[in-house]
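These are the residues of each chain, in order.
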Amino acid sequence: MNTDVITSTYYNDLFVPEVERVDLHVRGLTVNLNKSRLAKEKKKKFNKEKIENDVESVAEVKKILNNINLDLEKGKVLAILGSSGSGKTTLLNTLSSRMSFAKSKDNPFQFEGMVQYSQTNPNISYLLQEDLFMPGLTVREILKFTAQLKLPNSSNAEQTKLIDYLFDSLNLRKVENTIVNDFKYHTTLSGGERRRVSLAIQLLTKPSVLFLDEPTTGLDSNTSINLVQTVKDLAQNFGITIILTIHQPRFEILEIVDKICLLAKGGSMLFTGSLEDGYKYFDQLELNDADDVQEESNFADFLLSISSIDKTMSKEVELKTQARVDKLVTNWAKVQPLQQDVEYYNSFESGAPIFNQNKTHKLPFYREIWVLMHRCTIVTIRDLKSMFTFHFIMTFLAIVCGWCFYKPKGDLAGIRSITSTLYVCCEVLGFTPLLYEIERLCATDGKFFVKEYKEGIYSISGFLIARKLVKLALEDIPITIVWSVITFYMWGLNGSSNFGIYFINNFLIYTVGMATAFLCFMMGKYDLSLIHISEPTRLDVI
């Protein structure tokens, strides 16, 4: 982070006032997974009738998190460490209230314990592990449209000032006019730049608590260290409370963060505290002298080594490492220093979220449509290859179909040919746009609609109306006119039919095909992480 801009006139843009800063207390947090219930829910998707007749199997419960206790002060950075299967992401998602706490038969997770924030409804942001950006937009445009959708009460001048401040503070000024992805998802930024852009998007809402899910994954060592240092500066300079998970931490990263939370396999806690406290605690345990602890080159590797259970060597080694982990869990439970004036209560008793993040879009509906139309217009125009391909395919099909039924005669065979042209319109003009639209929704537009709708950025109706208005002007009406003109005269309909009625009929067929495509898309489920990003050259917009 560029700390020189901290003293600028934009200081208050991200600064969290002392009275709004958030600390966190966790007591006895336990998360269980009912495997039999989870398996039953999966089977329902494939054979609903059979499951209804199944007898409830004996519950098989797996502990994901086991009696987690910790305190995090205001404006501090907590790094959650642990090997695979230790419950890092579950802990992060529970603290951020991204999981369903409902006590119903459909929810395989069972929660117990206390998660208490000093603010009733803190303003939070969550940085996902994957970087996903709308293709065809520059960094500034991505931030501008996000700000317009997420900050309805801010003026354009205030939004621009905040974006400029983020460019300076996150060292993104040199890439502000760079297109992030092309339409084949070839990225034009480095891994560190993409992470900082994602971070800037989350900071637009000026959060008091920031969650990051493995932000260093896929980055080289220097980029990872610089990113964590940027996160630390956000906490230190602006008072943001930050919680992040790290899968393979470097020692330099542990030196940057304020606190470390070490989890073992099965979600049990081995240690929570500063790096210095960790040195003292594990040094007095003399674990380096134990036979089952390998000598590691640095403290980060040592922490991951003692928290893991070795199942690769032999059953004897597995039992030995399991006993060591159990002993460490028991010992930490006895000596862990916790704040004593925290009153315990079960945060999950009602099944309601820990805090209510208002996801109802506050932007006036007409402004929401205008912003989405503006964005959709830019993306559609810049995707010239796709748009021209669509126009060319429909024009080519119109010529081919027109030639197949070229000016039939007035006899019985000609009448049958004219009748056949109606079926051709239904098939070609209905199904070709339908298939093209499904592919486009699954590849680009629909993916980002699902992502942004889940974040509560805009409504379904706003997206549909805005997108359809843009596509009407750039694709739907022009394509239908070209199809109608070519086929109307090549089929010899100009002597006996009304062109206006013919055009309206074709337009309705085309519209039904497009609507069916969106309906088919909405019936599916999509994994956003399947979007693959590769790295070729940089594209600049002047």
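Everything quoted here is computed from the prediction, not taken from an experiment.

A. Structural view of the overall build of the protein chain. Counting its regular elements, the protein chain contains 16 helices and 11 strands. Sequence-distant contacts in the protein chain: of pairs separated by 6 or more residues, those separated by 24 or more amount to 80%. In the structure as shown, the protein chain presents an accessible area of about 27,000 Å², 55% of it carried by carbon and sulfur atoms.

B. Examining helix α11 (residues 315–335) more closely. With 21 residues, α11 extends 31 Å from end C-alpha to end C-alpha; this agrees with the ideal 30 Å at 1.5 Å per step. Every buried residue of α11 is accounted for by E318, T321, R324, V325, L328 and W332. Mapping the buried residues of α11 onto a view down its axis gives an arc of 130°, with all of them on the same face. Summarising the geometry of α11, the exposed residues directed more than 90 degrees from the buried face are K315, E316, L319, K327, A333 and K334. Among the structural elements, β10 (269–273), α9 (275–285) and α10 (299–307) are those in contact with the buried residues of α11.

C. Seen up close, the sheet that holds strand β8 (residues 241–245). The strand order across the open sheet built from 6 strands is β5-β7-β8-β3-β9-β10, with neighbouring strands paired in mixed fashion. Looking along the sheet, the strands with just one partner apiece sit at the ends: β5 (124–127) and β10. Ignoring strand direction, the axes of neighbouring strands in this sheet form an average angle of 15°. On the sheet, helix α6 (residues 191–203) packs against β5 and β7 (209–212) and is oriented at approximately 160° with respect to β5.

D. Structural detail: the packing of helix α4 (residues 139–150) against helix α12 (residues 365–382). Between α4 and α12, the least distance of the axes is 10 Å, while the angle of their chain directions is 160°. As summarised for this structure, α4 and α12 are arranged roughly antiparallel, according to the angle between their axes. Every pair of crossing elements has a handedness; the one defined by α4 and α12 is left-handed. Side by side, α4 and α12 meet where E141, K144, F145, Q148 and L149 of the first sit next to V371, L372, H374, R375, I378 and R382 of the second. Of the residues that constitute the contact of α4 with α12, the class distribution is 5 nonpolar, 2 polar and 4 charged.

E. Geometry of the sheet that holds strand β1 (residues 24–34). Spatial ordering of the open sheet is given by β2-β1-β4, a layout of 3 strands whose pairing is antiparallel. Whereas interior strands pair on both sides, the edge strands pair on one side only; in this sheet they are β2 (61–72) and β4 (109–117). The mean inter-strand angle of the sheet, taken between neighbouring strand axes irrespective of direction, is 10°. Bridge analysis of β1 against β4 gives 8 bridges, and the strand direction is antiparallel. Across the sheet, residue R27 finds its bridge partner in β4, namely M114. Across the sheet, helix α3 (residues 88–95) is in contact with β1, β2 and β4; its angle to β1 comes to roughly 120°.

F. Seen up close, empty space enclosed by the protein. Within this structure, the stated rule accounts for 1 cavity of 30 Å³ or more. Looking at the largest cavity, it is lined by 23 residues, and the ones nearest its centre are L132, F133, I201, K451 and E452. Elements supplying a minimum of two residues to the lining of the largest cavity: β5, α4, α6 and α14 (412–454). No other element matches the 5 residues that α4 contributes to the lining of the largest cavity.

G. Quick peek at the pattern of salt bridges. Under the defined criterion, the tally for this structure stands at 20 salt bridges. Salt-bridge contacts for R173 lead to D168; the nearest nitrogen and oxygen are separated by 3.2 Å. Two residues, E252 and R250, come together in a salt bridge whose shortest N-O distance is 3.5 Å. In this structure E252 comes out as partly exposed when scored by relative accessible area, which is 30%. Its relative accessible area of 36% is what places R250 among the partly exposed residues. Several salt bridges converge on common partners, so that one network encompasses E437, R440, D445, R467, K471 and E475.

H. Structural detail: the packing of aromatic side chains. Applying the stated rule across the entire model yields 30 aromatic pairs. Measuring from ring centre to ring centre gives 6.2 Å for F463 and F518, while their planes differ by 35°; the resulting arrangement is tilted. On the criterion of sequence distance, the pair formed by F463 in helix α15 (residues 460–490) and F518 in helix α16 (residues 499–522) is long-range, its members being 55 residues apart. One exposure class covers both F463 and F518, and it is buried. Taken together, F271, Y279, Y281, F282, F299, F302 and W332 form an aromatic cluster joined through their ring pairs. For the cation-ring pair, K144 lies above F145, with the distance from its terminal atom to the ring centre recorded as 4.8 Å.

I. Seen up close, the confidence of the model for the protein chain. Chain-level statistics for the protein chain give a pLDDT mean of 84 and a share of 86% at 70 or above. pLDDT under 50 marks residues 48–58. Its contacts with residues more than four places away, or in other chains, come to 6 contacts. Scored below 50 in pLDDT, residues 528–542 makes 35 contacts in the model with residues more than four places away or belonging to other chains.

J. Summary view of the layout of surface pockets. As a volume, the second largest pocket reaches approximately 550 Å³. Along the walls of the second largest pocket sit 28 residues, with F183, D383, R440, T444 and D445 positioned nearest its centre. Counted by class, the lining of the second largest pocket contains 13 nonpolar, 4 polar and 11 charged residues.

K. View of the pairing of β1. Of all the 11 residues making up β1, 11 are buried; the element is thus mostly covered by neighbouring parts of the structure. Bridging between β1 and β2 involves 8 bridges; their strand directions are antiparallel. Bridged to V31 within β2 is L65.

Calculation notes
- Residues numbered from 1 in each chain as written.
- Predicted model: local features only at pLDDT ≥ 70, side-chain atom pairs only at ≥ 80, totals over all residues.
- Heavy atoms only, no water.
- Helix = DSSP H or I, 4+ residues; strand = E, 2+ residues; numbered from the N terminus.
- Contact = heavy atoms within 4.5 Å.
- Areas by Shrake-Rupley, 256 points an atom, 1.4 Å probe, with all protein chains shown as cover.
- Expected span 1.5 Å × (residues − 1).
- Buried < 20%, exposed > 50% of the residue type's maximum accessible area, 1.4 Å probe, protein only.
- Arc of directions from axis to C-beta.
- Pairing = 2+ DSSP bridges.
- Axes fitted to C-alpha atoms, helices over the stretch in contact; angles between N-to-C directions.
- Parallel < 35°, antiparallel > 145°, perpendicular 65-115°, else oblique.
- Left-handed = near helix turned anticlockwise from the far one by under 90°.
- Nonpolar A, V, L, I, M, F, W, Y, C, P; charged D, E, K, R; others polar.
- 1 Å grid on protein atoms, 1.4 Å probe; cavity = no way out; pocket = protein on both sides within 12 Å on 5 of 7 lines; lining within 4 Å.
- Points joined across faces, edges and corners; volume = space filled by probe spheres on them.
- Salt bridge = Lys/Arg side-chain N within 4 Å of Asp/Glu carboxyl O.
- Phe/Tyr/Trp six-rings, centres within 6.5 Å; stacked < 30°, edge-to-face > 60°.
- Lys NZ or Arg CZ within 6 Å of the ring centre and 35° of its normal.
- pLDDT = per-residue confidence, 0-100.

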